[in-house]
Amino acid sequence: MSGWTRKDLVGIVDLSAAEIGTVLDTAKSLQEISTRSIKKVPTLRGRTIANLFFEPSTRTRISFELAEKRLSADILNITGSTSSTAKGELLKDTIRNIESLKVDMVVIRHSCTGAPHRLAEALNVSVVNAGDGINEHPTQALLDMFTIREKKGRLKGLKVLFVGDILHSRVARSNIWGLTKMGASVVLCGPKTLLPPRIEELGVTVTTNLREAVKDADVINLLRIQKERQDQSFFPSIREYAIAYQINSEILKKAKPDVLIMHPGPVNRGIELSSEVADGPYSVILDQVTNGLAIRMAVLYLLSGAKSIESKKE
Ligand code: CP
């Protein structure tokens, strides 16, 4: 038995280190399913999951959908442009309508911070946060931690450097909560204007000096400049940002020889990361995508309260 008791996964901030460990260990045991010739188990047969994506997504949306299919769930896919919220319907009313169709779980991405939390309070069914505004992206942090643990064998004692637009990054926020709970050190690096005030209070180190910060990092996680969330300029030009903060082969000469390069995607090649590093030997960006599937299967399985993955291997 997993010992998992939560109805929802809305943020890493709520989870204990033991709960994070449970998700990572469960994902590890589920990885093998995707290597079978028949990549499917009956765990969620008869359950219905609604995927509500009110913000653009490639990786997270298809990862959840594939995870649900691997677990044999029935799926409803609703996007911002295809839902009646585009005609002015309140999110609460959209959800009430979905609930009346007897769905068992809701996965939601929304530009509004706290939207999944409000749903989780309002609904009896499980709610999974697939990214809410600039607040949290819990399954991304879980897959990032899984990938680091898989490659390095541990999280405790590692130094994980985040570079870029920390201010608007839900990925950074969820990772800060998760990594510090799991005993890793977190360093944040970017222009002062993209570092949230008083973020050190979360137990992280902050610097604007990339060349110094890369030297003792075990992992470098790059964050995209989120132009869609910026209503003002936070630096003079993209070119100036890239000169100061891009991770490229030149900068990597200062890093540890076994450093991991991570990025949640989508990558802006030539801005936060050069193509040769994105596609180079230190990059685990595509491993992150692969591991995201196992993490989302684990989250759906744990939230479903299913007693076991399957009765016997197919
Ligand atoms: N990492 C991530 O959230 O990517 P998408 O926006 O493509 O889902």
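Residues numbered from 1 in each chain as written. Predicted model: local features only at pLDDT ≥ 70, side-chain atom pairs only at ≥ 80, totals over all residues. Heavy atoms only, no water.

Peer 1: I would appreciate a short explanation of the sheet that holds strand β7 (residues 205-207) in the present structure.
Peer 2: Where strands meet in a sheet, backbone hydrogen bonds hold them as pairs that are either parallel or antiparallel. One open sheet accounts for five strands, arranged β7-β6-β5-β8-β9; its pairing is parallel. At either end of the open sheet lies a strand with only one pairing partner, and these are β7 and β9 (260-262). Between one strand axis and the next, the sheet turns by 20° as a mean value, whatever way the strands run. In the sheet, strand β6 (residues 185-189) pairs with β7 via three bridges, with the strands oriented parallel. Bridging across to β7, Val187 finds its partner in Thr205. Contacts from helix α5 (residues 138-152) reach β5 (159-163), β8 (219-222) and β9, with the element oriented near 165° to β9. Helix α6 (residues 170-181) rests against β5, β6 and β8 of the sheet, and its axis sits at about 150° to β6. (Pairing = 2+ DSSP bridges. Helix = DSSP H or I, 4+ residues; strand = E, 2+ residues; numbered from the N terminus. Axes fitted to C-alpha atoms, helices over the stretch in contact; angles between N-to-C directions. Contact = heavy atoms within 4.5 Å.)

Peer 1: Before we go on, may I ask you to explain the nonpolar core in this structure?
Peer 2: In globular proteins that are soluble, nonpolar side chains generally tend to be buried together. One finds Leu142, Met145, Leu179, Leu188, Ile295 and Leu300 to be the most contacted residues of the largest nonpolar core, which totals 61 residues. If one sorts the elements of this core by residue count, helix α11 (residues 285-304) sits on top with ten residues. For this core, the two domains that each supply at least three residues are domain 1 (17-137 + 290-306) and domain 2 (138-286). When near neighbours in sequence (up to four residues on either side) are disregarded, Leu188 contacts Phe162, Ile166, Ile176, Leu195, Ile199, Val204, Thr205, Val206 and Thr207. Of all hydrophobic cores here, the second largest spans 27 residues; its members include Leu194, Val214, Ile225 and Leu273. (Core = buried A, V, L, I, M, F, W, Y, C linked by side-chain atoms within 4.5 Å. Buried < 20%, exposed > 50% of the residue type's maximum accessible area, 1.4 Å probe, protein only. Domains from an automatic or database assignment.)

Peer 1: Could you clarify how one ought to interpret the domain arrangement of the protein in this entry?
Peer 2: Interface size is commonly expressed as the accessible surface area that is lost when the partners come together. Domain boundaries assigned for the protein yield domain 1 (17-137 + 290-306) and domain 2 (138-286). At the junction of the two partners, domain 1 supplies 29 residues and domain 2 supplies 28 residues. Across the domain 1/domain 2 interface, buried area totals approximately 2300 Å², and carbon plus sulfur atoms make up 58% of it. Taken as a group, Leu24, Ile134 and His137 account for 29% of the area that domain 1 buries against domain 2, more than any other trio of residues on that side. At the surface where domain 1 touches domain 2, the tally comes to two salt bridges. (Buried area = accessible area lost by both parts, 1.4 Å probe. Salt bridge = Lys/Arg side-chain N within 4 Å of Asp/Glu carboxyl O.)

Peer 1: Quick question: what am I supposed to make of the site of the ligand here?
Peer 2: All residues in the neighbourhood of the ligand are listed as Ser57, Thr58, Arg59, Thr60, Arg109, His137, Gln140, Pro264 and Gly265. His137 has a polar side-chain atom sitting 2.9 Å from an oxygen atom of the ligand. Relative to its unbound accessible area of 250 Å², the ligand is 91% covered by the protein chains. Taken together, the residues of the shell around the ligand sort by class into one nonpolar, six polar and two charged. (Near = heavy atom within 4 Å. Polar contact = N/O pair within 3.5 Å; in protein donor to acceptor, adjacent residues only side chain to side chain. Areas by Shrake-Rupley, 256 points an atom, 1.4 Å probe, with all protein chains shown as cover. Nonpolar A, V, L, I, M, F, W, Y, C, P; charged D, E, K, R; others polar.)

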